[in-house]
Amino acid sequence: MENSGAEGAKRAAGVDVGGTFTDLVLVDGGGHVRLAKVPTGAVDPAQGVLHALEASGAPLAALDWVVHGTTAATNAVLTRKLARTGLITTRGFRDVLELGRRTRPHAYGMMGGFRPVIPRDLRLEVDERMEASGRVRAPLDDKGVRDAVRRLLDLGCESLVIHFLHAYANPAHERRAAAIAAETWPNPFITTGHSLLSEAREFERGVTAAVNGAVRPIMERYLQRLSAELSARGFKRDLLVMNGNGGTVSARAVGAEAAKTVMSGPASGVIAAASIARTAGFSNLVTYDMGGTSTDVALVVNGQAGTSDEIELEYAMPIHLPMVAVHSVGAGGGSIAKLNAAGLLEVGPESAGARPGPIAFGRGGTEPTLTDANLLLGRLDPEKLLSVQGRADVHAVRKAFAAKIGGRIGLDGIQAAAAVLRLGNLKMANAVRSVSVARGHDPRDFVLFAFGGAGPLHACAVARDLGLPTVLVPARPGLTNALGCVLADFRQDFSNTLNQPVATLDEAEARGVLARHRAEGARLMAAEGLGTQALSFSHCADMQFAGQTHLVTVPLPSPELSRAALQALFEEAYFRRFKVRLPEIRAVLVNLKTTVTGARPPPDLSGLLDANARASSLERARTGSRLAWFGAGFRPTTVYARERLPIGARIPGPAVIEQMDATTAIEIGDLAEVDSWGNLVITVGKDA
């Protein structure tokens, strides 16, 4: 990787819109930090962004950057609240989006449904055929394209996707069809498959293009509306948006590649976790982000967040674009606890959301949640729930647990809440296993990096279940996703399929592909106002042995490729993964990939916790004590104010540490220590 310095620090605000709260972290070059956490707008998430900026009290005209992490694209796909989209494809391939890979929703079940992003009546075929070599076998039927465009417009389509077989090898027909469509299509919402993903595999390429087309109008209108509101309030620069790959782009460029914003919110948290942990001296971690609606976990190895271009948003919904590899489960603070039809206790995936929210919020919620369980068990203070006016109604919470859960299975309200807490912890521990043990990693080699509004409340119990020896809680756990927006660099990813045996690879062609990637990346970064001195380039190749289906990603130390070097690199990467060498089998170079990163100046985060608020001793940071549930019962528990903890303080469990954006629970037998950066480094004991 090549890299060089960037300009000085700027004033930047990171805003992350979650399902329950919208978080903001605003930093300037002098180490001053402003924080805000406000309820997410139930109808328009843009209002949450604006309210968070207002709550910070910072004049928008003084900001150099506003960086926005959003779940708008993800939620639109999952809830199918999409723009009406039409597809024009190669004759005979209309049903690729439904045929997929001949899998089924449940491997051992006969039931399960699937709804494609674009319904069959809006998928039309035209005559054209491109071979995998890039040679034209059948010319494009221009009249057929015009007829298909008119028909889709008559059917009420707002967005158009053009997806032809083997367009990755030669995109001429897709480009020609897009030009024809633009003659009559009434808006710019035209997506070509090759422009998003120039790789083989028509199913994955088609789904990615279909998702992009279906969310593009939604994202463009949302970002245009938000940008206009920011401008009207004095912001003079471009709004930046987080992508799922952990980088940022200008909101002006998001529309054409809207699918890249899928999973942008969780990605920003992983980027922040990797950066904070590196500073604290940890390079291998499992990130554990528990919010109000879900829990997201990811792996960071050697200081780098893992990425994947094989993320499946849901069954038969592969988004084949580089994204931070995040696994999500429906277990958050707002996850509803209930008994299913068989009388078994379940936690999630249904959530109470921001409104009505948990019962404790006093907004009309009637279903018990994980947050309610923590409140009833003394782990949360009923006087200090964020965005709750006055004291939470603990009696109403206890009554709900007794009536809706406990009474049906022979437990009182307290016992039912304890069961919900235990089950929630087990569910989250299984999510961590899915990114560690299931991928061949020993959890004992990793630190659990806990953040999100609810993550630190459960992290020590989850770590003990898994055998992770250390938990790291950052200075502002409930605002870490917003902090990631401030820390993220500009990033663009490129990929092209070659599909050539290494033994006969055209080396000049391969080098030319990477050179074009670098040139296009530099051009896009220049459009963002970045000079070439801030750019870095990294390359990798997707490779396989001849006859195999699955790919191995091989980092390339240089764009100067040679057959011998590629073969050696692949064999070594294959051995590291599978512990076997097969030198007699030919290797195949499938895809070449490039990541271009434009570094943004690192912000000064020394003000995340006010140094002037620190107490001179641990005792002075103590705010009281109460009975709280740890292990198998209520224990006398000391409560501390996070902002007042002195550097080097050592806090044995059981203890509760409170701050504006999160509460941390230190389990019995655990020991927390405040490091020089204000992080809590918790050594997990063996006995509860």
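Note that the coordinates shown come from a computational prediction; the quantities given were computed from them, not determined experimentally.

*Asks:* For the overall build of the protein, give the residues involved together with the corresponding values.
*Replies:* Per the secondary structure count, the protein includes 17 helices and 35 strands. Its C-alpha atoms give the protein a radius of gyration of 26 Å, within 12% of the compact-globule value 26 Å for 688 residues. Here the C-alpha coordinates of the protein stretch approximately 80 × 55 × 50 Å along the principal axes. Residues counted as buried form 56% of the 688 residues belonging to the protein. In the protein, of all internal contacts separated by at least 6 residues, the share reaching a separation of at least 24 is 68%. Total accessible area on the protein is roughly 27,900 Å²; 51% of this is exposed by carbon and sulfur atoms.

*Asks:* Give me the packing of aromatic side chains: which residues, what numbers.
*Replies:* For the structure shown, the criterion picks out 6 aromatic pairs. Aromatic pair Phe449 and Phe451: ring centres 5.7 Å apart, planes at 65°, arrangement edge-to-face. In this pair, the class of Phe449 matches that of Phe451, namely buried. Between the aromatic rings of Phe545 and Phe570, the centroid separation amounts to 4.7 Å while the plane-to-plane angle is 75°, which identifies the pairing as edge-to-face. In this pair, Phe545 sits in strand E26 (residues 535-545) while Phe570 sits in helix H16 (residues 563-578), placing the two residues 25 residues apart along the sequence. Owing to a relative accessible area of 2%, Phe545 belongs among the buried residues under this scheme. A relative accessible area of 0% places Phe570 in the buried class. One aromatic cluster in this structure is built from Phe545, Phe570, Tyr574 and Phe578. Over the face of the ring belonging to Phe575 we find Lys579, whose NZ or CZ atom lies 5.6 Å from the ring centre.

*Asks:* If you had to explain the pattern of salt bridges to someone new, which residues and values would you point to?
*Replies:* Tallied over the full model, the rule gives 42 salt bridges. Between Arg101 and Glu204 there is a salt bridge; the shortest N-O distance is 2.9 Å. Of the two residues, Arg101 sits in the loop between helix H3 (96-99) and strand E6 (123-126) while Glu204 sits in helix H7 (residues 202-232), which places them 103 residues apart along the sequence. A network of salt bridges, in which partner residues are shared, links Asp95, Glu98, Arg120 and Arg123.

*Asks:* Help me get a handle on the sheet that holds strand E33 (residues 662-666), residues and values and all.
*Replies:* Taking strand neighbours across the sheet as the criterion, the 4 strands line up as E29-E30-E32-E33 in an open arrangement whose pairing is mixed. The open sheet terminates on both sides in strands that have one partner only, identified here as strand E29 (622-630) and E33. In this sheet, adjacent strand axes meet at a mean angle of 25° when their direction is disregarded.

*Asks:* Could you give an account of the side chain of Thr89, naming the residues involved and the relevant values?
*Replies:* By secondary structure assignment, the location of Thr89 is in strand E5 (residues 85-90). On the basis of relative accessible area, Thr89 is assigned to the buried category, the value being 2%. Here His163 takes part through its backbone oxygen, which lies 2.6 Å from a polar atom of the side chain of Thr89. For Thr89, the residues in contact, after removing those within four places along its chain, are Arg94, Leu124, Glu125, Val126, His163 and Phe164.

*Asks:* Can you lay out the packing of helix H9 (residues 264-280) against helix H14 (residues 480-487) for me, pointing to particular residues and giving the numbers?
*Replies:* At their nearest, the axes of H9 and H14 sit 7 Å apart, and the two run at 75° to each other. The orientation of H9 with respect to H14, classified from their angle, is roughly perpendicular. Along its contact with H9, which presents Gly265, Pro266, Ser268, Gly269, Ile271, Ala272, Ser275 and Ile276, the element H14 presents Thr480, Asn481, Leu483, Gly484, Cys485 and Leu487. Residue composition of the contact of H9 with H14, grouped by class: 7 nonpolar, 7 polar and no charged.

*Asks:* Account for H7, with residues named and values stated.
*Replies:* For H7, spanning 31 residues, the distance from its first C-alpha to its last is 44 Å, which sits close to the expected 45 Å at 1.5 Å a residue. If you look at H7, its biggest bend is around 40°, right at Val215, and the proline Pro217 turns up within four residues after that. Looking at the residues trailing H7, positive phi occurs at Gly234, about 110°.

What counts, and at which threshold
- Residues numbered from 1 in each chain as written.
- Predicted model: local features only at pLDDT ≥ 70, side-chain atom pairs only at ≥ 80, totals over all residues.
- Heavy atoms only, no water.
- Helix = DSSP H or I, 4+ residues; strand = E, 2+ residues; numbered from the N terminus.
- Rg over C-alpha atoms; globule rule 2.2 N^0.38 Å.
- Buried < 20%, exposed > 50% of the residue type's maximum accessible area, 1.4 Å probe, protein only.
- Contact = heavy atoms within 4.5 Å.
- Areas by Shrake-Rupley, 256 points an atom, 1.4 Å probe, with all protein chains shown as cover.
- Phe/Tyr/Trp six-rings, centres within 6.5 Å; stacked < 30°, edge-to-face > 60°.
- Lys NZ or Arg CZ within 6 Å of the ring centre and 35° of its normal.
- Salt bridge = Lys/Arg side-chain N within 4 Å of Asp/Glu carboxyl O.
- Pairing = 2+ DSSP bridges.
- Axes fitted to C-alpha atoms, helices over the stretch in contact; angles between N-to-C directions.
- Polar contact = N/O pair within 3.5 Å; in protein donor to acceptor, adjacent residues only side chain to side chain.
- Parallel < 35°, antiparallel > 145°, perpendicular 65-115°, else oblique.
- Nonpolar A, V, L, I, M, F, W, Y, C, P; charged D, E, K, R; others polar.
- Expected span 1.5 Å × (residues − 1).
- Bend = angle between axes of the 7 residues up to and from the residue.

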